[in-house]
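Analysis of the macromolecular model
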Amino acid sequence: MNAAERERYSRQILFAGIGERGQEALLASHAVVAGCGALGSFHAAALARAGVGRLTLIDRDYVEPANLHRQWLFEESDAAEALPKAAAAARRLRAINSGVEVRAAVADLTAANAEEVLGGADVILDGTDNFETRFLINDFAVSRGIPWIYGAAVGSYGIAMPVIPRRTACLRCVYPEPPGGAQPTCETAGILNAVVSAVASLQVADALKILSGNAGAVQARITTLDVWEGGIRQIEAPPRDAACPACGLGEFPYLEESARAPVTLCGRNAVQVHESERTLDLAVLEQRLAPLGEVRANEFALRFAVPPYEMTIFPDGRAIVKGTADAAIARSLYAKYLG
Ligand SMILES: [Zn+2]
């Protein structure tokens with residue numbers, strides 16, 4: 001550490017849990033922020049300010065005006081230019097801390113690129129918006145022995161849980177399968193920025209413990225909180241499940257590209273997402289989507305306009321996204337409106 005770094009991080013070094021040794025470890029560490037939206041842009045900013053030496057960001061989306069109330073790194077100009085979130089975040093992070101090496105991937109995190117993006121991480125922070133990707137992160141992290149921190153927020157409610165392979169329960173110990181049906185999302189249930197920063201802060205605190213050489217200080221706990229109703233609750237995470245497919249049996253199906261809900265092109269300008277695992281109640285979904293745009297439903301299908309796209313959603317969980325031939329856009333819209 002040089003004199004400028006010693007001064008820059010002096011207040012963090014003074015904190016007994018970090019010290020000079022911890023700061024040296026942070027400067028030599030590598031964190032991956034998976035998903036660079038509300039949670040992820042907070043993670044990235046906090047870790048860059050803390051002096052984490054290398055940051056890898058991955059995100060498939062573009063900055064929109066409706067992101068700005070909760071996505072800390074982005075500005076009006078990013079939305080006006082519709083910049084990819086990973087690229088906009090990287091630019092801002094370099095301005096916040098030029099000493100940090102930032103790598104940005106504008107891509108959908110999949111089994112095909114997981115090794116390239118997540119490999120070599122000392123910790124992975126979950127800033128994703130769907131369980132399919134979280135199960136992929138869990139399989140990758142558990143199989144490689146990399147700690148990762150699960151986090152999610154919607155409305156005024158949030159949850160966070162660290163996963164330390166071989167020591168704590170993994171995500172599949174807690175959720176053996178992804179939840180079924182349409183999940184509430186930020187697009188359908190709204191979100192307060194205060195819960196985003198609260199959940200993201202819990203995740204960052206655990207990441208700082210891990211990266212500074214204090215992984216033993218990470219508690220195997222699930223934290224839930226509601227910043228509107230009040231209340232923060234911590235419960236001991238369940239013990240590791242010997243029958244857990246991932247950390248118990250060592251099966252990692254999400255690392256196989258075929259485990260993913262496949263997408264196919266239909267015609268020149270539409271993509272079908274074949275999600276077969278969930279049954280949807282179209283009447284409930286119609287009520288949820290009605291405030292957001294034009295929606296029409298019958299018992300066979302629901303049609304929802306999200307200009308410049310249109311989604312047709314079926315009761316067996318399939319959806320056709322018209323207006324694009326890009327699988328990443330189709331998956332992104334699916335996650336936004338169905339969870
Ligand atoms: Zn497990």
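Residues numbered from 1 in each chain as written. Predicted model: local features only at pLDDT ≥ 70, side-chain atom pairs only at ≥ 80, totals over all residues. Heavy atoms only, no water.

Some words on the packing of helix α4 (residues 38–50) against helix α11 (residues 193–211)
- Across the interface, α4 lies against α11 with an axial gap of 9 Å and an inter-helix angle of 45°. Taken together, the axis directions place α4 and α11 in an arrangement best described as oblique. When the axes of α4 and α11 are compared, the crossing they make is right-handed. Note on element contacts: α11 touches α4 through Val196, Ser197, Val199, Ala200, Ser201, Gln203, Val204, Ala207 and Leu208, opposite Ala38, Leu39, Phe42, His43, Ala46, Leu47 and Ala50.
- In terms of residue class, the contact of α4 with α11 is made up of twelve nonpolar, four polar and no charged. (Axes fitted to C-alpha atoms, helices over the stretch in contact; angles between N-to-C directions. Helix = DSSP H or I, 4+ residues; strand = E, 2+ residues; numbered from the N terminus. Parallel < 35°, antiparallel > 145°, perpendicular 65-115°, else oblique. Left-handed = near helix turned anticlockwise from the far one by under 90°. Contact = heavy atoms within 4.5 Å. Nonpolar A, V, L, I, M, F, W, Y, C, P; charged D, E, K, R; others polar.)

As for the coordination of the zinc ion
- Cys170 (SG), Cys173 (SG), Cys244 (SG) and Cys247 (SG) make up the full set of protein donors to the zinc ion, lying at 2.3 Å.
- Counting gaps between the donor residues of the zinc ion yields the pattern C-x2-C-x70-C-x2-C.
- Cys244 sits in the buried class, given a relative accessible area of 1%.
- With a relative accessible area of 14%, Cys247 lands in the buried category. (Donors = N, O, S within 2.8 Å, 3.2 Å for Na, K, Ca; no water. Buried < 20%, exposed > 50% of the residue type's maximum accessible area, 1.4 Å probe, protein only.)

A few points about the packing of aromatic side chains
- Inspection of every chain in the model, using the stated rule, returns eight aromatic pairs.
- Residues Trp148 and Tyr150 carry aromatic rings whose centres are separated by 6.4 Å and whose planes lie at 65° to one another, so their mutual orientation is edge-to-face. The two residues Trp148 and Tyr150 agree in class, both being buried.
- The positively charged end of Arg134 is found above the aromatic ring belonging to Phe131, 5.3 Å away from the centroid.
- Lying over the aromatic face of Phe314, Arg318 brings its terminal NZ or CZ to 4.2 Å of the ring centre. (Phe/Tyr/Trp six-rings, centres within 6.5 Å; stacked < 30°, edge-to-face > 60°. Lys NZ or Arg CZ within 6 Å of the ring centre and 35° of its normal.)

Thoughts on helix α8 (residues 131–144)
- With 14 residues, α8 should reach 20 Å at 1.5 Å per residue; the first-to-last C-alpha distance of 20 Å fits that figure.
- Counting buried residues in α8 gives eleven out of 14 residues, a clear majority hidden from the surface.
- Buried within α8 are the following residues: Phe131, Thr133, Arg134, Phe135, Leu136, Ile137, Asn138, Asp139, Phe140, Ala141 and Val142.
- Buried residues belonging to α8 abut β1 (30–34), α7 (114–118), β4 (123–126), β5 (148–154), β6 (157–163) and α9 (171–174).
- Backbone nitrogen of Glu132 and a side-chain oxygen of the N-cap are separated by 3.3 Å at the start of α8; the cap is Asn130.
- Trailing α8 by a residue or two, Gly145 shows a phi angle of about 70°, which is positive. (Expected span 1.5 Å × (residues − 1). Polar contact = N/O pair within 3.5 Å; in protein donor to acceptor, adjacent residues only side chain to side chain.)

Note that every value here comes from positions in space, so none of it alone points to a role or purpose.
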